[in-house]
Amino acid sequence: ALNNDPEPIRLFKSNFLEFFTHISPVAVLVIWVPVVVYFLLQTINQASHWSVALLAFFLGLFLWTLAEYVLHRFLFHYRPRSARQEKIFFLFHGVHHAQPKIKTRLVMPPVLSIPMAAIFYGLFYLFFVTLLNLSAWKGATFSGFIAGYIIYDMMHYATHHFAMRNGIWKWLKRHHMQHHYKDPDKQYGVSSPLWDYVFATMPKGK
């Protein structure tokens, strides 16, 4: 249920644990921009031509849009089957739907984003290095993937925190606000509506 209290819902009794449930978008940039730069430079140094790094980077951006949709729809909006699961998924994402205006809970906390990034890095390593023997592609694809995540988090913060009254920005804000205030089972894309069209979670007529 929607909670309009300006005071954030407390998630943990421990002040130490509660501290990690609040994060500034600046922290996302500080943590992840160096990761993007490092892995992109890694590919530029390894690849036979700079175009490999460019292609791999844009592949990573594209893969992020799919991951964003899948994670949002199937993980963050997983329907709990027990009281314990309900508590866990409320910590994950439910608290944001309960209080969508709390600005310190608009970007993903590192305690969640770092393990998830490690899992995706492992998948890219398995695919590009182990299966395809294309080690040069691994770094830039991961770089583009993390860049996509940064764009997503900044877009998510902006759609909730800024007016965004013109052009595509206004459209994207409306798209996400309808997910919050009209139908949480539709419009899962934040940085891109592409996969809402592909998987038919865009409202008819939009």
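That block above? That's the structure.
Residues numbered from 1 in each chain as written. Predicted model: local features only at pLDDT ≥ 70, side-chain atom pairs only at ≥ 80, totals over all residues. Heavy atoms only, no water.

S.K.: Sorry if this is basic, but what is going on with the overall build of the protein here?
M.R.: Looking only at helices and strands, the protein has 8 helices and 0 strands in total. Start at the N end of the protein and walk to the C end: the helices and strands fall as α-α-α-α-α-α-α-α. What you see for the protein is a C-alpha radius of gyration of 18 Å, in line with the 17 Å of a compact globule of 206 residues. Viewed in the frame of its principal axes, the protein has a C-alpha envelope of about 55 × 45 × 35 Å. Here the protein holds 206 residues, and the buried ones make up 43% of them. For the protein, restricting intrachain contacts to residue pairs at least 6 apart in sequence, the fraction spanning at least 24 positions comes to 67%. (Helix = DSSP H or I, 4+ residues; strand = E, 2+ residues; numbered from the N terminus. Rg over C-alpha atoms; globule rule 2.2 N^0.38 Å. Buried < 20%, exposed > 50% of the residue type's maximum accessible area, 1.4 Å probe, protein only. Contact = heavy atoms within 4.5 Å.)

S.K.: I'm lost on the packing of helix 3 (residues 50-76) against helix 4 (residues 83-98) in this one. Help?
M.R.: To characterise two packed helices, one gives the angle between the axes of the helices and the distance between these axes. At a minimum axis separation of 11 Å, helix 3 and helix 4 run at an interaxial angle of 105°. When the axes of helix 3 and helix 4 are compared, the pair comes out roughly perpendicular. Along its contact with helix 3, which presents His-72, Leu-75 and Phe-76, the element helix 4 presents Phe-89, Phe-92, His-93 and His-97. Residues of the contact of helix 3 with helix 4, tallied by class, amount to 4 nonpolar, 3 polar and no charged. (Axes fitted to C-alpha atoms, helices over the stretch in contact; angles between N-to-C directions. Parallel < 35°, antiparallel > 145°, perpendicular 65-115°, else oblique. Nonpolar A, V, L, I, M, F, W, Y, C, P; charged D, E, K, R; others polar.)

S.K.: Before we go on, may I ask you to explain a nonpolar patch on the surface in this structure?
M.R.: Taken together, the side chains of Phe-16, Leu-17, Phe-19, Phe-20 and Val-111 present a nonpolar region at the surface, about 530 Å² in accessible area. At 3 residues, the largest contribution of residues to the nonpolar patch is made by helix 1 (residues 15-19). Structurally, the position occupied by Phe-19 is in helix 1. On the basis of relative accessibility, which here comes to 58%, the residue Phe-19 falls in the exposed class. (Patch = residues over 30% accessible without salt bridge, like charges linked within 9 Å, V, L, I, M, F, W, Y side chains within 5 Å. Areas by Shrake-Rupley, 256 points an atom, 1.4 Å probe, with all protein chains shown as cover. Salt bridge = Lys/Arg side-chain N within 4 Å of Asp/Glu carboxyl O.)

S.K.: Whenever I open this one, the nonpolar core confuses me. Can you help?
M.R.: Counting 33 residues, the largest nonpolar core has Trp-32, Met-108, Phe-142, Phe-145, Ile-146 and Tyr-149 as its most contacted members. Top contributing element to this core by residue count: helix 6 (residues 135-161), with 10 residues. Among all residues touching Met-108, those that are not within four sequence positions of it are Ile-23, Val-28, Phe-76, Ser-113, Met-116, Tyr-149, Tyr-152 and Asp-153. (Core = buried A, V, L, I, M, F, W, Y, C linked by side-chain atoms within 4.5 Å.)

S.K.: What is the right way to look at the pattern of salt bridges in this model?
M.R.: Between side chains of opposite charge, a pair can form when the charged atoms approach closely. Throughout the structure, instances matching the rule amount to 2 salt bridges. In this structure, Glu-18 engages Arg-105 in a salt bridge whose closest nitrogen and oxygen atoms are separated by 2.9 Å. Pair noted here: Glu-18 is in helix 1 and Arg-105 is in the loop between helix 4 and helix 5 (110-131), with a separation of 87 residues, a long-range link.

S.K.: Please explain the packing of helix 6 against helix 7 (residues 167-181) as it appears in this structure.
M.R.: Running from N to C, helix 6 and helix 7 cross one another at 80°; their axes reach a closest spacing of 9 Å. One way to sum up the angle between helix 6 and helix 7 is to call them roughly perpendicular. Taking contact as the criterion, the partners of Met-155, His-156, Thr-159 and His-160 in helix 6 are, on helix 7, Trp-169, Leu-172, Lys-173, His-176, Met-177 and His-180. Tallied by class, residues from the contact of helix 6 with helix 7 come to 4 nonpolar, 5 polar and 1 charged.

S.K.: Got a minute to help me understand the packing of aromatic side chains in this structure?
M.R.: Any pair of aromatic rings gets described here by the distance separating the centres and the angle formed by the planes. The final tally for this structure, using the stated rule, is 25 aromatic pairs. Consider the rings of Phe-16 and Phe-20, whose centres lie 5.1 Å apart with planes at 75°: the pair is edge-to-face. For Phe-20, a relative accessible area of 34% corresponds to the partly exposed category. Each ring, one from Trp-64 and one from Tyr-149, has its centre 5.8 Å from the other, and the planes form 70°; the classification is edge-to-face. (Phe/Tyr/Trp six-rings, centres within 6.5 Å; stacked < 30°, edge-to-face > 60°.)

S.K.: When you look at the side chain of His-176 in this model, what are you seeing that I'm missing?
M.R.: Here His-176 shows up in helix 7. Looking at His-176, its side chain comes within polar contact range of the side chain of His-160, at 3.1 Å. Setting aside its immediate chain neighbours within four residues, His-176 contacts His-72, His-96, His-156, Thr-159, His-160 and Val-190. (Polar contact = N/O pair within 3.5 Å; in protein donor to acceptor, adjacent residues only side chain to side chain.)

S.K.: What should I look at first to understand the environment of Ala-163 in this one?
M.R.: With respect to the element layout, Ala-163 can be found in the loop between helix 6 and helix 7. Taking the C-alpha atoms as reference points, Ala-163 and Lys-173, separated by 10 residues in sequence, lie 8.4 Å from one another.

Distances and angles like these do not, on their own, reveal function.
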